[in-house]
Amino acid sequence: MADHHGKSNGRGSNGRNGRSRYAHIIGWGMALPSRVMTNDEIAQMVDTSDAWIRERTGIRERRIAGAKDSTATLALRAAKCALEVANVSPADLNLIIVATATPEYLFPATACLVQDWLGAENAGAFDLSAGCTGFVYALSLAAQTIISGAADTVLVIGSETLSRIVDWQDRGTCILFGDGAGAVVLRASNMPGGVLTTLLRSDGSGGELLALPGGGSRYPPSPTTVLNGMHKIHMNGREVFRFATRVMAQATRSVVEDAGLTLEDIALVIPHQANIRIIEAAARSLGMPMEKMYVNIERYGNTSSASIPIALCEAIESGRIKADDYIVLVAFGAGLTWGAATIKWVPTPPPASPLEQRAHAVRYWWAALRSAWRRFWRRLESRLKGPATASEK
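### Some thoughts on the packing of aromatic side chains
Thinking step 1. On inspection of all chains with the given rule, the structure shows five aromatic pairs.
Thinking step 2. Geometrically, the ring pair formed by W373 and F376 is tilted, given 5.6 Å between the ring centres and 40° between the ring planes. Here F376 and W373 lie together in helix α12 (residues 354-385), a separation of three residues that amounts to about one turn.
Thinking step 3. Connected via pairs of aromatic rings, a cluster forms that spans F243, F332 and W338.

Printed below as a string of structure tokens:
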């Protein structure tokens, strides 16, 4: 296997571990569609049952995007929650990264839509595509951007509407996926901790094992691609399962060792929520009890790049993560890709006061007004200038 990989342990020229800057998670948030789809409902569409799905995946139900939900709107809701927890103004953001396999459009980037709606006028924004590993990739990039000094505050979002690309007649895939979004705010600090080590790897020779073939430059949209179901998820479940059970434990060990820690030092592992059997296999390989593996797949299914930030939010809110805990995030996904991160959790900031919460609401109202004005002015300016000249064309 040919690996293309990236590792970071922050070694540089300053400090005991070579760091003068650290990237801490200071805010978190999640967003879920209100629609819940149970296994019994799926059993009415394909030949399956609640017991069969639970036994093979651990999934009981999942969230499904409604008519007014999209990858961008879910991302926005999660982002607002994360900014409120961090008590950070959108104007303070330097960068917004949206990890997604189901972007709002091929272009513009979903992250740019979120940037506009938030009013984050000082932030760059782009989407990142690494399948279900997308959030870990984005977190690693955000942390290194902060550690290098290129940014101080970064918003990372994982958002998906996988129900829009699922073949609801394919029992092998339609039982697995759900919709949702999660987000974190990272900020620079000279306090040791935060994102300590990351590992990113890929093996494109397995790309066809999990793919959405249609709609790109290889197979542009056409009646044929639609009729052949090429705009839906195609997956070789058996091969993906074998790949996942191998790399999850390997990646976890690697980032823990790079951080100078042992598995006994890890308080909690937050794995990508793809299949309970994959999580159990990883725990066995690591020699860790399942109590150290955070699991919420029974309620949400596989939400791809959103699964880890959603699980992280729930783990924090339920008290599973405490100050000075070491935690690991680990994922695998289409590409094939896999990755992991070791984080030292630090005391979190106090929640925003009611006055500060109202100030956030005013900022979003102003951002919407400013966006509408800019759109109006572009149209007006275009009319006033008249038809484009030959040089402008």
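### Some details on a nonpolar patch on the surface
Thinking step 1. Where nonpolar side chains cluster on the molecular surface, the patch consists of V362, W365, W366 and L369 and spans about 460 Å² of accessible area.
Thinking step 2. As for its position among the elements, W365 is in helix α12.
Thinking step 3. By relative accessible area, W365 is classed as exposed at 56%.

### Let's talk about the nonpolar core
Thinking step 1. I42 and F332 are the most contacted members of the largest nonpolar core, which has 46 residues in total.
Thinking step 2. Of all the secondary-structure elements, those providing two or more residues to this core are α8 (237-258), β12 (266-271), α9 (276-286), β13 (326-333) and β14 (337-344).
Thinking step 3. The element that contributes the greatest number of residues to this core is α8, accounting for nine residues.
Thinking step 4. Leaving out residues up to four positions away in the same chain, F332 has contacts with C132, T133, V240, F243, A244, V247, M248, H272, A274, I278, T337 and W338.
Thinking step 5. Listed in part, the 40 residues of the second largest apolar core include A138, A142, A143 and A311.

### Structural notes on the pairing of strand β9 (residues 194-202)
Thinking step 1. The buried count for β9 comes to nine of nine residues, which makes it a mostly enclosed element.
Thinking step 2. By the bridge criterion, eight bridges tie β9 to β14 in an arrangement that is antiparallel. Along β14, the bridge assignment pairs T197 with T342.

### Some points on the confidence of the model for the chain
Thinking step 1. Residue-level pLDDT values for the chain average 92, and 93% of them are 70 or greater.
Thinking step 2. Under a pLDDT of 50 for its full length, residues 10-16 has, in the predicted model, eleven contacts with residues more than four places off or in other chains.

### Let's talk about helix α3 (residues 71-86)
Residues three or four positions apart in an α-helix share a direction because the helix packs 3.6 residues into each turn.
Thinking step 1. Under the 1.5 Å per step criterion, the end-to-end length of α3 is 22 Å for 16 residues, consistent within 8% with the ideal 22 Å.
Thinking step 2. Within α3 the residues assigned to the buried category are T71, A72, L74, A75, L76, A78, A79, A82, L83 and A86.
Thinking step 3. The elements touched by buried residues of α3 are β2 (22-31), α4 (110-118), β7 (153-161), β8 (179-189) and α12.

### Digging into the pattern of salt bridges
Thinking step 1. Scanning the entire structure with this criterion turns up ten salt bridges.
Thinking step 2. D152 serves as the salt-bridge partner of R21, at 2.9 Å between the closest nitrogen and oxygen. Taken as a pair, R21 in the loop between β1 (4-8) and β2 and D152 in the loop between α5 (134-147) and β7 lie far apart in primary sequence, 131 residues in all.
Thinking step 3. Classification of R21 by relative accessible area gives partly exposed; the value is 21%.
Thinking step 4. Across the salt bridge formed by R242 and E239, the nearest N and O atoms sit 2.9 Å from each other.

The rules we used
- Residues numbered from 1 in each chain as written.
- Predicted model: local features only at pLDDT ≥ 70, side-chain atom pairs only at ≥ 80, totals over all residues.
- Heavy atoms only, no water.
- Phe/Tyr/Trp six-rings, centres within 6.5 Å; stacked < 30°, edge-to-face > 60°.
- Helix = DSSP H or I, 4+ residues; strand = E, 2+ residues; numbered from the N terminus.
- Patch = residues over 30% accessible without salt bridge, like charges linked within 9 Å, V, L, I, M, F, W, Y side chains within 5 Å.
- Areas by Shrake-Rupley, 256 points an atom, 1.4 Å probe, with all protein chains shown as cover.
- Salt bridge = Lys/Arg side-chain N within 4 Å of Asp/Glu carboxyl O.
- Buried < 20%, exposed > 50% of the residue type's maximum accessible area, 1.4 Å probe, protein only.
- Core = buried A, V, L, I, M, F, W, Y, C linked by side-chain atoms within 4.5 Å.
- Contact = heavy atoms within 4.5 Å.
- Pairing = 2+ DSSP bridges.
- pLDDT = per-residue confidence, 0-100.
- Expected span 1.5 Å × (residues − 1).

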